Amino acid sequence: RTFLLFEALGRPEWASACDWYMKADADSFVNVPLILERLSCFDPGELWFLGVPQVAHGSTGSKTRFASGGAGYLVSRALLPKVAAWAPFCLLQLLQHTGGTGMEDVNLAGCLWKWGHIDVVSYVDSETEVITSEAQANRTLVAKRHGPEERLRVPPCTFIVHSLQPGELAVARANIERAVAEAGPGLDCRPDE
């Protein structure tokens, strides 16, 4: 479905509608204002594939660098037409080799590398700006309701929280908003220059 999505987004009516195109999992909280602020550091007229890089180890010993779908990934306006053109070929290869199974984020990264030598670039600090592991969720308690006097451990510059239950999405959002408010007006979520 991801290849079909990008093929459709590459149609003329969509291809230049936005500067950035993001795909994230349904169980992720996406801090859109913070992501938009960070994207101002990148030129959408250049070929960008942004995300939280990870490495998948294949059964044959191969390794693929990919952008975690749970943390979401972004394709620039300039890259979108290329992804749309490559998508049918990548989908055909995926269907021929695996019957269409596999991790969509790994498959997309493999496609971008094979056809365009495009590698994922991190746009966030994966240690402090995304919560995508159980350990990070347990450390920050981002999905736990906190009392007004209870100390909050949620980083105010949290871009993405992955693997939330439906009822936890609003809690995570409220905790991040509270962390931002407690940080005060001097909060700066921009990367070091």
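Below you will find a few notes about this structure. Predicted, not measured: the structure shown is a model, and the values here were computed from it.

### Here we look at the overall build of the protein chain
When helices and strands are counted, the protein chain shows seven helices and nine strands. Taking 16 Å as the expected radius of gyration for a compact globule of 193 residues, we find that the protein chain reaches 18 Å, a close match to that expectation. Projected onto its principal axes, the C-alpha positions of the protein chain cover 55 × 35 × 30 Å. Counting all 193 residues of the protein chain, 39% fall into the buried class. Of all intrachain contacts in the protein chain linking residues separated by at least 6 positions in sequence, the fraction that spans at least 24 positions is 73%. For the protein chain, the exposed area adds up to about 10700 Å²; of that, 55% sits on carbon and sulfur atoms.

### What to know about the pairing of strand β5 (residues 63–67)
For a regular strand, the rule is simple: side chains alternate between the two faces of the sheet. Relative to β5, strand β4 (residues 53–57) is paired through five bridges, and the arrangement is antiparallel. Residue pairing for β5: Gln54 is matched across the bridge by Phe66. What sits between the antiparallel neighbours β4 and β5 is a turn of five residues, in which Gly61 has the positive phi angle 95 degrees.

### Some remarks on helix α7 (residues 166–183)
For α7, spanning 18 residues, the distance from its first C-alpha to its last is 27 Å, which sits close to the expected 26 Å at 1.5 Å a residue. Turning to α7, its buried residues number three or more, namely Val171, Ala172, Asn175, Ile176, Arg178 and Ala179. Looking straight down α7, one finds its buried side chains confined to an arc of 160 degrees; they lie on one side. Exposed side of α7, more than 90 degrees from the buried face: Pro166, Ala170 and Ala181 are the residues found there. Of the residues trailing α7, Gly184 is marked for its positive phi of about 85 degrees.

### Things to note about the sheet that holds strand β9 (residues 160–161)
One open sheet accounts for three strands, arranged β2-β9-β8; its pairing is mixed. A single partner strand is all that each edge strand has here, and the edge strands are β2 (29–30) and β8 (130–131).

### Observations concerning the packing of helix α1 (residues 2–9) against helix α5 (residues 104–116)
The description of two packed helices rests on the angle between their axes and on the distance between the axes. Axis separation between α1 and α5 bottoms out at 10 Å; the angle between their running directions is 50 degrees. Here α1 is positioned oblique relative to α5, judged by the angle of their axes. Contact with α1, carried on its side by Thr2, Phe3 and Phe6, involves Glu104, Asn107, Leu108 and Cys111 of α5 and no other residues of that element. Class assignment of the residues belonging to the contact of α1 with α5 gives a composition of four nonpolar, two polar and one charged.

### Observations regarding the sheet that holds strand β1 (residues 20–23)
Hydrogen bonding along the main chain pairs the strands of a sheet, whether they run parallel or antiparallel. What the four strands build is an open sheet, ordered β1-β6-β3-β7; its pairing is mixed. The two strands at the open ends of the sheet, each matched to only one other strand, are β1 and β7 (121–122). Of the strand pairs in this sheet, β1 and strand β6 (residues 73–76) are connected by four bridges, and their pairing is antiparallel. Paired with Met22 across the bridge in β6 is Leu74.

### Concerning the nonpolar core
Counting 25 residues, the largest nonpolar core has Phe3, Phe6, Phe49 and Leu108 as the members making the most contacts within it. The element best represented in this core is helix α4 (residues 80–98), accounting for seven residues. Ignoring any residue separated from it by four or fewer positions in sequence, one finds Leu108 in contact with Phe3, Phe6, Phe49, Tyr73 and Val83.

### Description of the pattern of salt bridges
Per the counting criterion, the structure on display carries nine salt bridges. Of the charged contacts, one joins Asp25 and Lys23 as a salt bridge, the two residues approaching to 2.9 Å between their closest N and O atoms. Notably, a salt bridge pairs Arg178 with Glu182, separated by 2.6 Å at the nearest N-O pair. Of this pair, Arg178 and Glu182 both sit in helix α7, four residues apart, which is roughly one turn of that helix. Overlapping salt bridges, with partners in common, bring together Lys23, Asp25 and Glu104 in one network.

What counts, and where the lines are drawn
Residues numbered from 1 in each chain as written. Predicted model: local features only at pLDDT ≥ 70, side-chain atom pairs only at ≥ 80, totals over all residues. Heavy atoms only, no water. Helix = DSSP H or I, 4+ residues; strand = E, 2+ residues; numbered from the N terminus. Rg over C-alpha atoms; globule rule 2.2 N^0.38 Å. Buried < 20%, exposed > 50% of the residue type's maximum accessible area, 1.4 Å probe, protein only. Contact = heavy atoms within 4.5 Å. Areas by Shrake-Rupley, 256 points an atom, 1.4 Å probe, with all protein chains shown as cover. Pairing = 2+ DSSP bridges. Expected span 1.5 Å × (residues − 1). Arc of directions from axis to C-beta. Axes fitted to C-alpha atoms, helices over the stretch in contact; angles between N-to-C directions. Parallel < 35°, antiparallel > 145°, perpendicular 65-115°, else oblique. Nonpolar A, V, L, I, M, F, W, Y, C, P; charged D, E, K, R; others polar. Core = buried A, V, L, I, M, F, W, Y, C linked by side-chain atoms within 4.5 Å. Salt bridge = Lys/Arg side-chain N within 4 Å of Asp/Glu carboxyl O.

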